[in-house]
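Summary of structural features
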Amino acid sequence: PAKALPRSLAVPWTCVSRRLGLPPIVTHVDMDLWNWAKIDKDEPFTPENLKCHSHFTGSRSEEWFHLVPCAIEHAGTPLVNKTFDLATHLNQLFPNGPPSTPKPTPDTERITAEYLSCVSTTLTEMTALIRRMREGCDPREFYLKQRPFLAGFGSSEALPDGLVYEGVSTEPLKFNGASAGQSSLVQMFDVLLGVRHRDPFLAKMRQYMPADHRMFLEALEPLGEALRGIVGASGSGSGSGDHTLARRFDECLDKLAAFRSAHMGLVHTYIIQMKREQAAAEHDHDQDHHEAHHAASKAKGTGGTELIPFLKQCKEETTEAKLNHTIPHSHSLPQPHHQQHLRKDGPLLQLASSVRARSAGSLCDSSGSPVVAADTPTCVPAELVHGLAEALPEPDTGDV
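Residues numbered from 1 in each chain as written. Predicted model: local features only at pLDDT ≥ 70, side-chain atom pairs only at ≥ 80, totals over all residues. Heavy atoms only, no water.

We now examine the overall build of the chain. Regarding its fold elements, the chain presents 14 helices and 4 strands. Burial statistics for the chain: of 400 residues in total, 51% are counted as buried. Of the contacts formed within the chain by residues at least 6 apart in sequence, a portion of 75% connects residues at least 24 apart. Entry remark: accessible area of the chain is about 18600 Å², with carbon and sulfur atoms responsible for 53%. (Helix = DSSP H or I, 4+ residues; strand = E, 2+ residues; numbered from the N terminus. Buried < 20%, exposed > 50% of the residue type's maximum accessible area, 1.4 Å probe, protein only. Contact = heavy atoms within 4.5 Å. Areas by Shrake-Rupley, 256 points an atom, 1.4 Å probe, with all protein chains shown as cover.)

Structure, rendered in C-alpha cells:
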C-alpha cells in the first residue's frame, strides 16, 4: 500500500476532522452513526429499511455490517433523553450536589426504578439487534474485502509505521482503526453502571468520538456515581430489607455482560474463525497448522487490541461492578476522577439544554432519532474540541 496520503485528500480531511473534534481516520461514527438513510420513511428504523450513504465495496453485506450498529445506537436514544430527565430530577432533589450517602425519597426510588427499567429494556433490544448481524453480513466477505478498509494506520499489518498526511505532517501519523469501542452509547452504560476497565484502550477510544460525545461521557460521571449511591442506599435503614433497586441494577449489569458476550461471538465468527480458515489454507504441515491456529486466537481487532483476551476482560469487569460482587483484593481498580457535583450549572445539565436546543450534533435529536450526517453542525463549539484531534499538526491550506 501507499505510504502517503495525497495532499488533495489529506488537507481537507484533516481540516474537517479538526472542526468536528475527530481524528482524520475512518471511525465508528463515520461508518455507523452518520451514514444512514431510510429506504421507506414511513417504515420502522430497522436494518432492512436502512441504506448507507457511503461504503467501500457497494455490497449489501457491507451495508448490513454498518446498519446493525446504527440500529443499535438508535435503540439507545430514548435512554439518552431519560438520562437527562434523571439528572434534572436529582438536581432538584440535591441542589448542592448529592451527598456521599444519599437517602432516596419514595419518589426518587420510583424514578430510579423506571430509569433502570429503561436501561434493561434498551440492553435487551441492543442484544437482539447485534445477534442479527449474521442474517445479512457474510463472514468471508467481511474478513477479506471489508475489514482492510477499517484498519488503522500504525495498528494494522498493512501500515505498521503509520501514514504520511502530505501537507499536514512530514512524519507518519498513527491512528487506531474503527472499533466498537468507539461507541459512546456502549461506554455510556459503563459510566452509568460503574464498570471500570483496567485496560486504557476504551478511554483512548473516546478520542475517536465526536467532541460532543466525549463531553457527554465526561459530564455523565457524577450522575453514574449518584445513581450507584442511591441504589446502594435504597432499602437500607428502612427495616424492610427491600433491595429491589439493587437487584434491578445488577440485572442491568447481567444484560450488559450478555451484550458483550454476543459481541464476542461475532468476533469469533467474523475474525477468529476466518483467520483460522485462512491459516489452514496457507499451511499444509500439522505443526505449521497448529502454530497458525494458535496465532489466530490472538488476532487483533481494527482498533489494535488482542480481541478475545480484551473482550473477556471487559465482560469480567462488567460482572465485577455488580453490587453483590466482591472484587478480589488483587485487582487494583482506578478511583473515580470526576468529583464535581451534579449541580444546576454542571456540565451534564448544560449539555442537556444545549442538545435539546440544537436538536443536532449529539447522540439523538428531540424526537429520539440519531442525527443524519447532513444535519450535523458545521462547527462544534471550540471548548469541546480537545484531545487527539486538537493535537494534530496544523494543515497547510495555501494551495488547496
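The contact between helix α7 (residues 139-150) and helix α11 (residues 244-282) brings their axes to 9 Å, and the two run at 85 degrees. Between α7 and α11, the interaxial angle falls into the category roughly perpendicular. Listed contacts from α11 to Pro 139, Arg 140, Phe 142, Tyr 143, Leu 144 and Arg 147 of α7 are Thr 269, Tyr 270, Ile 271, Met 274, Lys 275, Glu 277 and Gln 278. For the contact of α7 with α11, the class distribution of residues is 7 nonpolar, 2 polar and 4 charged. (Axes fitted to C-alpha atoms, helices over the stretch in contact; angles between N-to-C directions. Parallel < 35°, antiparallel > 145°, perpendicular 65-115°, else oblique. Nonpolar A, V, L, I, M, F, W, Y, C, P; charged D, E, K, R; others polar.)

Time to look at α11. For α11, which comprises 39 residues, the first-to-last C-alpha distance of 56 Å matches the rise-based estimate of 57 Å (1.5 Å per residue) to within 8%. Taken as a whole, α11 carries its principal kink of about 35 degrees at His 268. (Expected span 1.5 Å × (residues − 1). Bend = angle between axes of the 7 residues up to and from the residue.)

For the rest of this paragraph, the subject is the packing of aromatic side chains. Aromatic ring pairs are defined here through the distance separating the ring centres and the angle between the ring planes. Summed over all chains, the structure comprises 9 aromatic pairs. Where Trp 13 meets Tyr 165, the ring centres are 6.3 Å apart and the plane angle is 35 degrees; that geometry is what we call tilted. Note that Trp 13 is positioned in helix α1 (residues 7-20) and Tyr 165 in strand β4 (residues 164-165), a separation of 152 residues in sequence. Residues Trp 36 and Phe 45 carry aromatic rings whose centres are separated by 4.8 Å and whose planes lie at 75 degrees to one another, so their mutual orientation is edge-to-face. (Phe/Tyr/Trp six-rings, centres within 6.5 Å; stacked < 30°, edge-to-face > 60°.)

Turning our attention to the packing of helix α5 (residues 106-130) against helix α10 (residues 211-233). Contact geometry of α5 with α10 gives a least axis separation of 11 Å together with a crossing angle of 115 degrees. Note that α5 runs across α10; the crossing there is left-handed. Contact with α5, carried on its side by Thr 108, Thr 112, Tyr 115 and Leu 116, involves Leu 227, Ile 230 and Val 231 of α10 and no other residues of that element. Tallied by class, residues from the contact of α5 with α10 come to 5 nonpolar, 2 polar and no charged. (Left-handed = near helix turned anticlockwise from the far one by under 90°.)

Let us now look at the pattern of salt bridges. All told, the structure shown has 11 salt bridges when counted by the stated rule. A salt bridge links Glu 277 to Arg 140, with the shortest nitrogen-to-oxygen separation between them at 3.1 Å. Note that Glu 277 is positioned in helix α11 and Arg 140 in helix α7, a separation of 137 residues in sequence. A salt bridge links Glu 320 to Arg 198, with the shortest nitrogen-to-oxygen separation between them at 3.3 Å. Of this pair, Glu 320 sits in helix α13 (residues 307-320) while Arg 198 sits in the loop between α8 (184-193) and α9 (201-205), placing them 122 residues apart in sequence. Residues participating in the shared-partner salt-bridge network are Glu 48, Arg 132 and Glu 135. (Salt bridge = Lys/Arg side-chain N within 4 Å of Asp/Glu carboxyl O.)

By size, the foremost hydrophobic cluster in this structure holds 84 residues, and its most contacted members are Ile 72, Tyr 115, Met 126, Met 133, Tyr 165, Met 188 and Phe 189. Counting residues per element, this core draws most heavily on α11, which supplies 15 residues. Counting residues in each nonpolar core, the second largest holds 6 residues, with Trp 36, Phe 45, Cys 52 and Cys 70 among its members. (Core = buried A, V, L, I, M, F, W, Y, C linked by side-chain atoms within 4.5 Å.)

When pLDDT is averaged along the chain, the result is 80, and 72% of the positions lie at 70 or above. The secondary-structure element of the chain with the lowest mean pLDDT is helix α14 (residues 347-358), recorded at 53, while strand β3 (residues 50-51) shows the highest, at 98. Segment residues 356-391: pLDDT under 50, and 82 contacts once partners within four positions in sequence are set aside and those in other chains are kept. (pLDDT = per-residue confidence, 0-100.)

It is worth spelling out the environment of Tyr 115 at this point. Its location among the elements puts Tyr 115 in helix α5. Distance in space between the C-alpha atoms of Tyr 115 and Leu 86 is 7.5 Å, their sequence separation being 29 residues. Residues within four places of Tyr 115 in sequence aside, it is in contact with Leu 79, Lys 82, Thr 83, Leu 86, Met 188, Leu 192 and Leu 227.

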